[in-house]
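Understanding the architecture of this molecule
What follows is each chain in one-letter form.
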Amino acid sequence: MSMGDVAMIRFLYRMQYKHKGIPDLMRYIVIGSVIVYLLGFLGVRTVELLGLFPQAVLQGQIWRLVSFIFLLPVGSLLFAAFVFYFYYLVGQSLEQEWGSFVFTVYYFVNVLLTVIISLISGTPVTSAASVNLSLFLAFGYLYPDFTILLFMIIPIKMKYLAVFYGVYAVYQAVVVPGWGGKLMALVGVITFLLFFYQELWQWLSSRFSAQQNRKKFQQSRGGRNDHLRVIRHQCEVCKRTELDDPNLEFRYCSGCDGYHEYCLEHLNQHVHIKDSQS
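Reading the values: rules and limits
- Here, residues in each chain are numbered from 1, in the same order as that chain's written sequence.
- Per-residue local features of the predicted model are confined to residues with pLDDT of at least 70, and side-chain atom pairs are confined, for both listing and counting, to 80 or more; whole-chain, interface and lining totals are unaffected and use all residues.
- Computation of side-chain values: all heavy atoms of the structure, hydrogens and water removed.
- Each helix is a run of H or I in the DSSP string that is no shorter than four residues. Each strand is a run of E no shorter than two, and both are numbered from the N terminus.
- Relative accessibility thresholds used throughout: buried, under 20% of the residue-type maximum; exposed, over 50%; partly exposed, between the two (1.4 Å probe, protein chains only).
- Axis definition: a line fitted to C-alpha atoms, limited for helices to the stretch in contact. Angles are taken between N-to-C directions and run from 0 to 180 degrees.
- Working definition: roughly parallel below 35 degrees, roughly antiparallel above 145 degrees, roughly perpendicular at 65 to 115 degrees, and oblique for all remaining angles.
- Contacts are assigned to residue pairs with any non-hydrogen atoms lying within 4.5 Å of each other.
- Under the convention adopted here, Pro, Cys and the residues Ala, Val, Leu, Ile, Met, Phe, Trp and Tyr are nonpolar, Asp, Glu, Lys and Arg are charged, and Gly plus all remaining residues are polar.
- Every patch collects residues that have over 30% relative accessible area and no salt bridge, joining them within 9 Å if they carry like charges and within 5 Å if they are nonpolar side chains (Val, Leu, Ile, Met, Phe, Trp, Tyr).
- What sets the accessible areas is the Shrake-Rupley method with a 1.4 Å probe; for residues, cover comes only from the shown protein chains.
- Salt bridge, as used here: a side-chain nitrogen of Lys or Arg that lies within 4 Å of a carboxyl oxygen of Asp or Glu.

Observations regarding unusual backbone geometry
- A positive phi is found at Asp24, a non-glycine position, where the angle reads about 55 degrees.
- The topology assignment puts Asp24 in the loop between helix 1 (7-15) and helix 2 (25-41).
- Among the residues examined, Asp24 registers a relative accessible area of 24% and is labelled partly exposed.
- A positive phi angle is found at Lys239, which is not glycine, with a value near 65 degrees.

Quick look at the packing of helix 2 against helix 7 (residues 100-121)
- Helix 7 packs onto helix 2 with a crossing angle of 45 degrees between their chain directions and a minimal axis gap of 10 Å. Comparing the axis directions of helix 2 and helix 7 gives the class oblique. Between helix 2, through Leu25, Met26 and Ile29, and helix 7, the contact on the second element is made entirely by Phe103, Thr104, Tyr107 and Phe108.
- Class assignment of the residues belonging to the contact of helix 2 with helix 7 gives a composition of six nonpolar, one polar and no charged.

Section: a nonpolar patch on the surface
- Together, Leu112, Ile116, Ile120, Trp179, Leu183 and Ile190 make up a nonpolar patch on the protein surface, roughly 580 Å² of accessible area in all.
- Mapped onto the nonpolar patch, the elements with two or more residues apiece are helix 7 and helix 10 (179-185).
- With respect to the helices, strands and loops of the structure, Ile190 is situated in helix 11 (residues 187-222).
- In this structure Ile190 comes out as partly exposed when scored by relative accessible area, which is 35%.

Next up, the structure:
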């Protein structure tokens, strides 16, 4: 899908001539995330220092409004390296597709929604997982057949991974207590739908219309257009075919010379056909 196919993206694209955005935004975010990860690896309590805790923000620690984006849910060093590379790949691909300004807006809409929900509900944010979910969804929508190696072994297309993340976010919204936590789990989905809802609706509508047209076509072929279908089986006696009754069964007679087919009703009730030479 090109940039021009998305209504919201088209609107922002027109503004891109006047606004630059932040070029290579994902590079800076990944570099910051790597530094934060290494500090945590060395024992620094990065979540306590950088997490978005509404009470701490109200006390003047305003850096938390942005610093939480550098907290990524990673584990071992090897897995962390994969996560950082994947985030960079996704971010750079979206920026190349949309341009710096559009990608910057898309990313910080996630951040803004997260901050608003957190401050109003009092829900703390200890990682940027909900923010980055929208990047996966957008990447899966724009590059559905892009394949990654899950756990470095299993090849999986991005569209399936994006669907999994989306379903998991909805599941989290169901099981997490409190309305703030539920909305927080859906931040990435909300942002994605805000940008892509028109295209998704058009796609669903076209799929539904195509299915209805296919159903009508099949019904018409099953009725007055049966003469267009190929006859594969026909009884030598009654001349009925599988088009007359799809439940009819046919068998070849071993007593007839050559290949002659009969329905089960006439398989044992017919005059055997013999070659004139026999």
